[in-house]
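Summary of structural features
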Amino acid sequence: MTVNLEVADGVGTIRLDRPPMNALDIATQDRLRELAEEATRRDDVRAVVIWGGEKVFAAGADIKEMQAMDHAAMVVRSKALQDSFTAVARIPKPVVAAITGYALGGGCELALCADVRIAADNAKLGQPEILLGLIPGAGGTQRLARLVGPSKAKDLIFTGRQVKADEALTLGLVDRVVPAAEVYEQAHAWAAKLAAGPALALRAAKESVDAGLETDIDTGLTLERNWFAGLFATEDRETGMRSFVEEGPGKAKFR
């Protein structure tokens, strides 16, 4: 398989495994969607790490495969391509991308689907599609602009340039830069900490932020208010408040 899901202690690792560069061909895209949907369904998956291995996250789409496709073929395929990445973005649990080496084109777009991005100090990110006479097609024009702002996104998309980890951090494209040997360890630790948290509240927080960004503030506040009130019906809310009163903050054990 070109993508695998491994689960331990509440953390599901979606591992890209298509050497040497984890090129995202059609089979890999479809498998990615299947595993994102599986991670969404499984109760034993409480948080997710997306990981390409020690050497590379994903260097982009399979250009040789795309070169053979004409307009009619891509009209059909482009929706499935976007759906694969959207399935990752819509996992209703905390998701972190652990980025080593290259995250270019579709690889960068996949990283954009995560809630948090932890990059190796040797990582390089970018949207080089313009160099092929194309634009990003797996969400890059939309998610990148929402993450770093339109001007910075246009610079990266218009030029197709690659940015090193330190510049990516300055741009807000990644959230943390660490030594390459520590990328997966730190990403897993982030996920493991949240895997022990209140699952419904985390889901509510993610949906409130993500959906709120797509609408006006009044609608977003309504969404927040409904989730906030609804969480008062959960056992986790009872556990969290009781623990706070009896033991102080940060000591609750959620089931």
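Okay, so let's go over this structure.

Considerations on unusual backbone geometry
In this chain, proline 19 is followed by proline 20 through a cis amide linkage whose omega measures 0°. Tracing the backbone shows proline 20 in the loop between strand S2 (11-16) and helix H1 (26-41). Although it is not a glycine, asparagine 22 adopts a positive phi angle of roughly 55°. With respect to the helices, strands and loops of the structure, asparagine 22 is situated in the loop between S2 and H1. Exposure remark for asparagine 22: the relative accessible area of 5% places this residue in the buried category.

Digging into the pairing of strand S4 (residues 95-99)
Of all five residues making up S4, five are buried, and the element is well covered by its neighbours. Here S4 shows two buried faces, one formed by Val95, Ala97 and Ile99 and the other by Val96 and Ala98. In this structure, strand S3 (residues 47-51) lies alongside S4, joined through four bridges in parallel fashion. Pairing of valine 48 across the sheet is with valine 95, part of S4. Where S4 and strand S6 (residues 116-120) come together, four bridges link them in parallel fashion. Within S6, the residue paired with isoleucine 99 across the bridge is alanine 119.

Some points on the packing of H1 against helix H3 (residues 71-89)
How two helices sit against one another is set out by the angle between their axes and by the gap between those axes. The interhelical angle for the contact between H1 and H3, taken along N-to-C directions, is 35°, at an axis separation of 8 Å. Two packed elements cross with a definite hand, and for H1 against H3 that hand is left-handed. In this structure, H1 contributes Ile26, Gln29, Asp30, Leu32, Arg33, Ala36 and Glu37 to the contact, and H3 contributes Arg77, Leu81, Asp83, Ser84, Ala87 and Val88. Residue composition of the contact of H1 with H3, by class: six nonpolar, two polar and five charged.

Some thoughts on helix H11 (residues 235-247)
Between its terminal C-alpha atoms H11 stretches 17 Å, which fits the 18 Å expected from 13 residues at 1.5 Å a residue. All buried positions along H11 are accounted for by Asp236, Thr239 and Ser243. Projection of H11 onto a plane perpendicular to its axis shows the buried side chains occupying an angular sector of 60°, all on one side. Exposed and facing more than 90 degrees away from the buried side of H11 are Phe244 and Val245. Immediately beyond the C-terminal end of H11, within one or two residues, lies glycine 248, with a positive phi of roughly 100°.

Notes on the sheet that holds strand S7 (residues 124-126)
Whenever strands of a sheet pair, they do so through backbone hydrogen bonds, lying parallel or antiparallel. What the three strands build is an open sheet, ordered S5-S7-S8; its pairing is mixed. A strand with exactly one partner marks an edge of an open sheet, and here the two such strands are strand S5 (102-104) and strand S8 (162-164). Averaged over all adjacent pairs, the angle separating strand axes in this sheet is 20°, with direction ignored. Pairing of S5 with S7 involves three bridges; the strand directions are parallel. Within S7, the residue paired with alanine 103 across the bridge is leucine 125.

Structural notes on a nonpolar patch on the surface
Together, Ile63, Leu132 and Leu134 make up an exposed nonpolar region whose accessible area comes to about 260 Å². Relative to the elements of secondary structure, isoleucine 63 occurs in helix H2 (residues 63-67). By relative accessible area, isoleucine 63 is classed as partly exposed at 41%.

Brief notes about the nonpolar core
Within the largest apolar cluster, 45 residues are counted, with the highest numbers of intra-cluster contacts made by Phe57, Ile99, Leu125 and Leu173. Considering each element in turn, this core owes the most residues, five residues, to H3. Setting aside chain neighbours within four positions, we find isoleucine 99 in contact with Phe57, Ala111, Arg117, Ile118, Ala119, Ala120, Ala123, Leu125, Val174 and Val183. Among the nonpolar cores identified, the runner-up in size contains 14 residues, and Val49, Val116, Val183 and Ala187 belong to it.

Rules behind the numbers
Residues numbered from 1 in each chain as written. Predicted model: local features only at pLDDT ≥ 70, side-chain atom pairs only at ≥ 80, totals over all residues. Heavy atoms only, no water. Helix = DSSP H or I, 4+ residues; strand = E, 2+ residues; numbered from the N terminus. Buried < 20%, exposed > 50% of the residue type's maximum accessible area, 1.4 Å probe, protein only. Pairing = 2+ DSSP bridges. Axes fitted to C-alpha atoms, helices over the stretch in contact; angles between N-to-C directions. Left-handed = near helix turned anticlockwise from the far one by under 90°. Contact = heavy atoms within 4.5 Å. Nonpolar A, V, L, I, M, F, W, Y, C, P; charged D, E, K, R; others polar. Expected span 1.5 Å × (residues − 1). Arc of directions from axis to C-beta. Patch = residues over 30% accessible without salt bridge, like charges linked within 9 Å, V, L, I, M, F, W, Y side chains within 5 Å. Areas by Shrake-Rupley, 256 points an atom, 1.4 Å probe, with all protein chains shown as cover. Salt bridge = Lys/Arg side-chain N within 4 Å of Asp/Glu carboxyl O. Core = buried A, V, L, I, M, F, W, Y, C linked by side-chain atoms within 4.5 Å.

Any link to function would need more than the numbers given here.
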